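So the chains spell out like this:
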Amino acid sequence: MRTFIKAAGLLLLLGTLFRSTSVLAEDARIDSDQLERLLDRLEAAEKRIQELEQKKEQTPPPAPVPQSTPETTPPPQLEKAAGGLDDSEQLLINNFYDEAGDNALEKRLSTLEEDWKKFSDSELAKKAEDAAKPTTLKVFGRIHLDGWNFSDSTPGIESFNDPTDPTDPQNRVGFRRVRIGVSGKIKDNMLYKFEYDFADPGDPAFKDVYLGWNDLPVFQTLLIGNQKRPLGMDHLNSSRYNWFMERPLVIEAFNQDARRLGICAYGVSEDETWNWRYGIFNLEDISKDGAYIGDAGQYSINGRFAGTPWYDETSGGRGYLHLAVADMWAKPDGNPSANATNANEARFRTRPEARTSSRWIDTGAIAGADWFNTLGFEAMLNVGSFGVVSEYQVTHVGRGSSGSDLTFQGAYVEAGYFLTGEYQPIDRKSGTIGRVKPLENFFLVRTCDDEIGGGWGAWQVVARYSYLDLSNGNITGGNETNFTFGMNWWWNSHSRVQFNYIHAQIDDRGPINGYTGGRSDIFGARFMVDF
């Protein structure tokens with residue numbers, strides 16, 4: 001082991017001393033973490049050299065050996081005294097100095113310290129320049145164009161789709177999202193965001209609309225306005241990056257449309273291993289009318305704690321383990337009457353992971369519900385081009401004297417594999433997936449030889465199993481089990497095509513026109529771009 005350590009130290013020192021000028025120039029552009037690690041390694045090497053020098057000074061010189069003559073036999077070489085220096089240690093000390101006798105390692109260390117100071121000064125200057133601007137503005141948006149085909153649906157599905165006039169779900173082609181927004185910073189530490197969706201031109205809706213502050217004590221970042229409640233990784237992920245066209249059954253049922261008016265704090269640990277969010281939100285979705293009016297006072301308290309206890313930095317994040325737990329405690333109005341001041345929010349429903357005119361399983365507004373609690377668990381493992389994600393959520397509903405408490409639950413597991421070698425990045429600051437960057441963009445061009453050249457882009461195959469149970473006690477919202485298979489084709493980092501096939505099976509639904517179950521086969525495709 002000692003020989004291995006010395007050899008490793010020798011290789012490190014030689015690599016440090018004989019790096020080319022181009023590499024030194026490149027070092028000036030490496031990030032702060034890499035510079036700090038390199039400085040620590042150089043300081044450790046310097047300390048080791050100093051120890052070896054002291055060791056050499058304390059070792060007595062070997063006894064002189066008489067010169068041999070042609071007529072005499074050379075005496076045997078004396079072994080080094082115990083504790084003396086071997087050849088690798090001596091070479092390590094000799095290489096500590098350059099040809100001019102100067103301390104080469106010290107010179108190298110000074111150069112790196114100067115580079116680090118230049119890097120730090122440039123970062124501080126950039127921050128000062130940005131801080132001097134009164135406001136900044138960035139325009140962004142996304143376009144999602146979908147097509148859906150409902151090829152084989154049973155009569156039960158027809159009744160769930162339209163109870164008053166049972167009809168087979170209609171095929172459709174249209175815009176799922178047409179969003180435009182602006183975001184920016186306001187001197188000194190404020191930020192803002194405004195985003196509107198025009199997918200339905202006759203009834204547009206706003207999405208993220210908030211203002212806030214960064215770099216606050218205790219809170220770190222604090223946002224006030226319409227924003228996502230921290231419940232469900234798939235909901236917190238951007239639709240620009242999710243593997244499937246629509247979110248899993250359980251994610252949409254227990255956190256329908258996700259965004260609510262509220263106040264939320266966001267934090268992250270210094271090494272980005274852990275992150276958290278917590279806040280208080282109104283239960284009503286005000287994205288259509290822009291206001292909450294009434295005395296019901298329905299609200300929820302939400303929190304999420306997430307982290308990446310394993311993250312392979314050497315591969316740039318191609319391997320990691322994400323874990324999280326989230327909770328929502330809610331106080332609904334408890335009045336299901338249509339004449340109530342505010343609609344009761346103790347209601348859980350969802351579409352079949354495809355766009356339909358109605359939601360096929362639905363508890364309806366639960367009479368007498370005066371509280372409910374949703375607890376969620378998340379896990380994601382990524383190893384190279386392969387990734388697997390799973391979430392489980394359970395909701396308990398308290399009805400007081402109106403009836404026994406209820407329990408609803410659901411889960412999903414999905415897996416994906418990149419056929420072209422890419423991987424799914426994760427944003428460690430937010431605990432959500434990031435943007436995939438194809439190793440080669442998709443393109444077709446005519447070359448100078450009058451040939452056709454091009455790139456394939458990135459290809460990913462995905463599969464998902466999804467389950468939701470909304471039937472308990474005298475509430476029969478139904479059970480649904482879905483199997484989904486899909487393909488994602490990234491043309492580049494900002495555009496792709498998605499293909500999904502879904503087999504949906506519904507059981508234990510409250511009778512609608514005599515039907516308690518049904519099944520449907522659904523095909524979907526999406527063309528999408530964001531900027």
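All figures in this text were calculated on a predicted structure; none of them were measured in a lab.

Peer 1: What exactly am I supposed to notice about the overall build of the protein chain here?
Peer 2: Helices and strands together make up the secondary structure of the protein chain, namely eight helices and 22 strands. Burial analysis of the protein chain (531 residues in total) assigns 44% to the buried set. A separation threshold of at least 6 residues defines the contact pool for the protein chain, and within that pool the share at least 24 residues apart is 64%. As displayed, the protein chain has an accessible area near 27200 Å², and 57% of this comes from carbon and sulfur atoms.

Peer 1: What exactly am I supposed to notice about the nonpolar core here?
Peer 2: In a soluble, globular protein the nonpolar side chains are often hidden away together inside. Core analysis: the biggest nonpolar cluster contains 44 residues, and F254, F348, F372, V397, F408 and L468 have the highest contact counts within it. Looking at which element gives the most residues to this core, the answer is helix 8 (residues 249-254), with five residues. Setting aside its immediate chain neighbours within four residues, V397 contacts F348, I366, A369, W371, F372, D405, L406 and F408. Listed in part, the six residues of the second largest apolar core include L191, Y210, L223 and F281.

Peer 1: Would you mind showing me how to read a negative patch on the surface here?
Peer 2: Negative charge collects at one region of the surface, where D40, E43, E113 and E114 lie side by side. Every element with two or more residues in the negative patch is listed here: helix 3 (32-58) and helix 5 (104-132). Taking relative accessible area as the criterion, E43 reaches 41% and is therefore assigned partly exposed.

Peer 1: Looking at this structure, how should I read unusual backbone geometry?
Peer 2: With the exception of glycine, the majority of residues adopt a negative phi angle, and the majority of peptide bonds are in the trans configuration. The omega torsion of the bond from K187 to D188 falls at 5°, within 30 degrees of zero and hence cis. Mapping D188 onto the fold places it in the loop between strand 2 (172-186) and strand 3 (190-197). With phi around 65°, D257 is a residue other than glycine that occupies positive phi space. For D257, a relative accessible area of 34% puts it in the partly exposed group. The backbone phi angle of A258 is positive, close to 65°, even though this residue is not glycine. Considering the arrangement of structural elements, one finds A258 in the loop between helix 8 and strand 6 (259-268).

Peer 1: Can you help me understand the packing of aromatic side chains in this one?
Peer 2: For any pair of aromatic rings, the description consists of the separation of the ring centres together with the inter-plane angle of the planes. Following the criterion strictly, the structure yields 19 aromatic pairs and no others. Between the aromatic rings of F348 and F408, the centroid separation amounts to 5.9 Å while the plane-to-plane angle is 55°, which identifies the pairing as tilted. Taken together, the residues span a long stretch of sequence, with F348 in the loop between strand 9 (319-331) and strand 10 (349-350) and F408 in strand 14 (residues 406-418) at a distance of 60 residues. Judged by its relative accessible area of 0%, F408 is buried. Judged by centre distance (6.3 Å) and plane angle (35°), the ring pair of F442 and W491 falls under tilted. Pair noted here: F442 is in strand 17 (residues 442-446) and W491 is in strand 20 (residues 475-492), with a separation of 49 residues, a long-range link. Site record: aromatic cluster; members linked through ring pairs are F442, W459, W489, W491 and F527. Between the NZ or CZ atom of R464 and the centre of the ring of F244, over which it lies, the distance is 4.3 Å.

Peer 1: Please clarify how the pattern of salt bridges should be interpreted in this entry.
Peer 2: Working definition: two side chains of opposite charge can pair if their charged atoms are close together. Tallying each qualifying case throughout the model produces 19 salt bridges. With a shortest N-O distance of 3.1 Å, D152 and R519 are connected by a salt bridge. Here R519 lies in strand 22 (residues 518-530) and D152 lies in strand 1 (residues 138-153), a separation of 367 residues in the sequence. Exposure remark for D152: the relative accessible area of 33% places this residue in the partly exposed category. Owing to a relative accessible area of 31%, R519 belongs among the partly exposed residues under this scheme.

Peer 1: Looking at this model, I keep getting lost on a nonpolar patch on the surface. Mind explaining?
Peer 2: Judged by side-chain polarity, L211, I224, I263, I280, Y299, I301 and W329 come together as a nonpolar surface patch covering roughly 570 Å² of accessible area. On the secondary structure map, L211 appears in strand 4 (residues 205-216). What makes L211 partly exposed here is its relative accessible area of 39%.

Peer 1: Mind showing me how you'd approach the confidence of the model for the protein chain here?
Peer 2: Atomic detail in the predicted coordinates should be set aside for any region of low pLDDT. Residue-level pLDDT values for the protein chain average 85, and 80% of them are 70 or greater. Predicted confidence is poor over residues 75-83, with pLDDT under 50, and the contacts of this stretch with residues over four places away or in other chains come to six contacts.

What counts as what
Once a new chain begins, its residue numbering starts again from 1 and follows that chain's sequence as written. In keeping with the predicted nature of the model, local features appear solely for residues at pLDDT of at least 70, side-chain atom pairs appear and are counted solely at 80 or more, and the whole-chain, interface and lining totals rest on all residues. As a rule here, side-chain values cover all heavy atoms of the structure and leave hydrogens and water aside. Here a strand is any run of E in DSSP of at least two residues, a helix any run of H or I of at least four, and the numbering for each starts at the N terminus. Here the term buried applies to any residue with accessible area under 20% of the maximum for its type, exposed to any over 50%, and partly exposed to those in between, with areas from a 1.4 Å probe on protein chains only. For this analysis, residues touch if any pair of their heavy atoms sits within 4.5 Å. Note on areas: Shrake-Rupley, 1.4 Å probe, and residue coverage restricted to the protein chains presented here. To define a nonpolar core, start from buried Ala, Val, Leu, Ile, Met, Phe, Trp, Tyr and Cys residues and group those joined through side-chain atoms within 4.5 Å. Patches draw on residues past 30% relative accessible area with no salt bridge. Two like charges within 9 Å are joined, as are two nonpolar side chains (Val, Leu, Ile, Met, Phe, Trp, Tyr) within 5 Å. When a carboxyl oxygen of Asp or Glu is within 4 Å of a side-chain nitrogen of Lys or Arg, the pair counts as a salt bridge. Neither His nor the chain ends is counted toward charge; the positive residues are Lys and Arg and the negative residues Asp and Glu. Taken as the charge centre is NZ of Lys, CZ of Arg, CG of Asp or CD of Glu, depending on the residue. Pairing of aromatic rings covers Phe, Tyr and Trp, the last counted by its six-membered ring, and requires centre-to-centre distances within 6.5 Å; plane angles under 30 degrees mean stacked, over 60 mean edge-to-face, and any other angle means tilted. Definition used: whenever NZ (Lys) or CZ (Arg) falls within 6 Å of the ring centre and also within 35 degrees of the ring normal, the charge is taken to sit over that ring. Residue-level confidence of the predictor is summarised by pLDDT, bounded by 0 at the bottom and 100 at the top.

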